[in-house]
Amino acid sequence: MTAKKPAEDSKEPPETRMLRYLYIGKEYLEYQPGNWFVHNYFNVDRVPSIDEMASDSRTETKPIEIIESVFEKDKELVQNFETLVFALAVCVRQNKSEKLRNLAYSKVKTICAAPEHFLLFNKFANQITKSSNKKSGSGHGWKRAVDEWYKSKSYMELAECVTRCNSRYGWKHKDILKLSHLPVRSMLPDIPDNMLVKNITFCYITHGLKEVKKIFGDSNDPRFLERPNSLQVMKYLENVMDFKHCEDEVRASGLLEINHFTLDHVPGHFLKSEEMWNSLMTSMNYVTVLENLQKVHNLGFLKPNSRLVTKIVDILLDQEKLDNEKIHPAHIMITIRNYENSGKPLSFEKRKVREEAKKQHPPPPEPNKKIVKTLYTALNLSFTFLETTGLRYLITIDMSQTMKESHVWHCGNMIPAEVGCLLALSLLRAEKNVTIATFKNVGIHIANLDKNFSFAQAYTRMLQQPTGIVNLSKPMAWATFQKKKYDVFINVVDMINMNNDNSTEGIKAYRNEMSLPEAKLINCIMCDSSYRKESVDKNILTICGFDQKVPKIIEAFSKSSF
């Protein structure tokens with residue numbers, strides 16, 4: 001259900017509200033984890049700020065400037081890249097400014113450079129067209145954008161991306177090429193190699209390899225001798241089809257390694273092959289390993305002393321991968337808890353839960369102890385590579401019994417107190433000025449954690465801290481009394497009683513007293529799905545539940561990215 005927006009939101013500049021949408025999927029300051037497609041985050045009415053800016057000649061191109069700025073300077077902190085793609089699609093489908101529409105089309109090849117984002121853009125654009133009852137969504141502007149996207153790829157890059165990502169989100173490259181009417185020429189003597197080479201790939205997309213060979217010949221055709229680029233593409237396409245139709249898993253695994261194919265290239269009949277997963281691990285990145293760990297485990301491939309276990313352990317302990325891919329400890333911690341509990345918690349949609357209950361599922365194998373131990377080692381390693389923001393933080397955690405026994409909303413295998421400790425230790429490792437505290441009946445208690453603690457040591461120490469009545473304004477009151485300067489206050493609690501929440505007044509009083517007008521407050525509500533007061537403060541963010549994206553959202557907000 002779409003949350004009701006209070007009237008105060010409309011007083012805020014549309015530029016500010018659009019920025020929020022790009023980072024948290026809403027034009028107001030509340031973040032919720034979950035499947036944003038299911039919960040209708042990608043509807044035009046979610047981002048009215050674009051139409052508002054497009055209606056004013058002074059700001060009509062501002063939406064594209066904002067999208068470009070975030071894409072170029074801050075896309076690592078945008079945790080749901082789909083918002084950038086959707087905002088671009090809204091820009092090309094709005095009818096307030098032709099200038100904005102043309103400018104947006106010209107940016108498709110840059111913002112949606114990845115084939116999955118290009119296909120998603122087309123899905124969104126088509127969806128908006130249908131919802132607005134327009135007759136057509138494939139006019140000259142769209143066709144030009146499609147032509148520019150395909151032209152922006154080198155000949156091998158095009159062949160690789162359309163075979164790796166042939167279809168996504170209900171759209172195929174074949175659909176797009178047919179709608180755009182891009183020409184496919186046969187092999188004629190007067191067509192130079194650099195013009196012919198992409199036509200081979202286009203023909204492959206629309207008609208398949210069999211038709212390509214009829215028109216252009218196969219890689220053994222003597223006409224390719226003077227066309228080296230075309231020959232390279234033809235051989236690559238033949239290798240792809242040979243791989244997809246291969247029945248011998250050992251041979252197929254060899255083809256995957258030789259041709260550097262990815263998980264996306266693997267046909268369905270090989271996804272249950274241990275040999276194939278062994279080959280995939282050779283080049284798999286860290287995030288993909290974390291996301292597929294449970295799947296491989298459920299297939300029974302993580303037996304003690306298996307080759308696959310050894311390869312996974314090597315990847316999980318690869319410090320270069322941890323650093324390069326910026327893996328946050330939260331991602332590994334969630335993987336640990338999910339793996340220890342045999343997968344992600346059940347979906348929150350009641351219908352799906354009921355359907356699952358009817359099925360008889362064999363229990364998955366017990367978690368591999370070596371993998372679990374390695375994950376904990378990787379968790380403690382990952383704290384080493386956190387990047388500093390240079391800001392001053394006070395994080396106050398409710399360590400009551402409820403926080404130790406409940407389950408986090410939308411991250412049901414984690415305990416709220418664990419999340420609080422994880423966020424605190426992450427800040428302590430990354431920043432120079434961090435204070436960690438718990439709520440007491442009177443004020444707050446400062447917890448002196450050693451920044452070199454492992455997660456287990458830090459959590460044990462936090463469990464020993466005193467606890468008491470939660471009042472979200474206590475940290476600000478304490479900091480004011482102590483004359484301590486902080487840029488960001490973070491409260492981690494189970495729930496908030498809206499009638500007793502005086503945190504807005506507390507942060508305002510702190511700003512005035514300490515002359516810190518931009519001091520921020522982040523309230524992390526672990527066990528509630530939604531919370532929002534009617535008042536608006538551009539420096540107060542509410543986070544409901546938890547997922548691996550939350551720490552980066554906290555970082556982006558702390559740095560005033562939105």
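For every chain, the first residue of the written sequence is number 1, and numbering continues from 1 onward in sequence order. Since the coordinates come from a predicted model, pLDDT governs what is reported: local features require at least 70, and pairs of side-chain atoms require 80 or more to be given and counted, while whole-chain, interface and lining totals use all residues. The basis for the side-chain values is all heavy atoms of the structure; hydrogens and waters are excluded.

A short note on helix α7 (residues 115-131)
For an α-helix, 3.6 residues make a turn, and residues three or four places apart therefore share a direction. Put simply, the test is: Comment: elements are numbered from the N terminus, with helices defined as DSSP H or I runs of at least four residues and strands as E runs of at least two. By this rule the span expected of a helix is its residue count minus one, scaled by 1.5 Å. Burial classes follow relative accessibility: with a 1.4 Å probe on protein chains only, a residue under 20% of its type's maximum area counts as buried, one over 50% as exposed, and anything between as partly exposed.
The terminal C-alpha atoms of α7 lie 24 Å apart, and with 17 residues this matches the ideal 24 Å at 1.5 Å per residue to within 8%. Burial in α7 covers these residues: Pro115, Phe118, Leu119, Leu120, Phe121, Asn122, Phe124, Ala125, Ile128 and Thr129. Directly beyond the C-terminal end of α7, a positive phi value near 60° is found at Asn133.

Quick notes on the sheet that holds strand β8 (residues 520-525)
Short version of the rule: Pairing between strands requires that DSSP locate at least two bridges from one strand to the other. The contact criterion used throughout is that any non-hydrogen atoms of two residues lie within 4.5 Å. Angular values range over 0 to 180 degrees, each being the angle between N-to-C directions of two axes fitted as lines to C-alpha atoms, with helices fitted over their stretch in contact.
Here seven strands make up an open sheet; going across it, the order is β1-β9-β8-β7-β4-β5-β6 and the pairing mixed. Of all strands in the sheet, those with a lone pairing partner are β1 (30-31) and β6 (444-446), marking the two edges. Bridge count between β1 and strand β9 (residues 540-544): two bridges; the pairing is parallel. The partner of Tyr31 across the bridge, within β9, is Ile543. Along the sheet, helix α27 (residues 550-558) contacts β1, β4 (392-397), β7 (488-493), β8 and β9; its crossing angle with β8, the most-contacted strand, is approximately 160°.

Here's the deal with the side chain of His297
Residue position: His297 is located in helix α16 (residues 286-298). Excluding anything up to four places from it in sequence, His297 contacts Leu302, Tyr339, Pro365, Glu366, Pro367 and Asn368.

Let's talk about unusual backbone geometry
One can expect most non-glycine residues to show negative phi and most peptide bonds to be in trans. Of note, Tyr169 is a non-glycine position whose phi angle comes to about 55°, a positive value. With respect to the helices and strands, the residue Tyr169 is situated in the loop between β2 (167-168) and β3 (171-172).

Looking at the pairing of strand β5 (residues 433-439)
In terms of burial, β5 is largely enclosed, as six of its seven residues are buried. Sheet analysis places β4 next to β5, joined by six bridges and oriented parallel. Within the sheet, the bridge partner assigned to Ile395 lies in β5 and is Ile436. By the bridge criterion, three bridges tie β5 to β6 in an arrangement that is antiparallel. Pairing of Phe439 across the sheet is with Ile444, part of β6. Where β5 folds back on β6, the antiparallel hairpin that results is connected by four residues, among which Gly443 adopts a positive phi of roughly 75°.

Some words on the environment of Ala458
With respect to the helices and strands, the residue Ala458 is situated in helix α24 (residues 455-463). Residues Ala458 and Asn448, 10 residues apart in the sequence, show an inter-C-alpha distance of 9.9 Å. In contact with Ala458, other than residues within four places in its own chain, are Cys421, Leu425, Leu449 and Phe453.

Regarding empty space enclosed by the protein
Over the atoms rolls a probe the size of a water molecule, and in doing so it shows where empty space is left. Applied cut-off: Grid spacing is 1 Å over the protein atoms alone, the probe is 1.4 Å, and a cavity is where that probe fits but cannot get out, while a pocket is an open set with protein on both sides within 12 Å along at least five of seven lines and lining residues have an atom within 4 Å of a point. Grid points are joined across faces, edges and corners, and a volume is the space filled by probe spheres set on the points. Residues are grouped as follows: Ala, Val, Leu, Ile, Met, Phe, Trp, Tyr, Cys and Pro are nonpolar; Asp, Glu, Lys and Arg are charged; every other residue, Gly included, is polar.
Scanning the entire structure with this criterion turns up two cavities of 30 Å³ or more. Taken as a whole, the largest cavity spans an internal volume of roughly 280 Å³. Around the largest cavity sit 21 residues that line it, and His328, Leu386, Glu387, Pro551 and Glu555 are the ones nearest its centre. Of all elements in the fold, only α23 (416-430) and α27 reach the threshold of two or more residues within the lining of the largest cavity. Looking at the lining of the largest cavity, the element that brings in the most residues is α27, giving five residues. Class assignment for the residues of the lining of the largest cavity results in 11 nonpolar, five polar and five charged.

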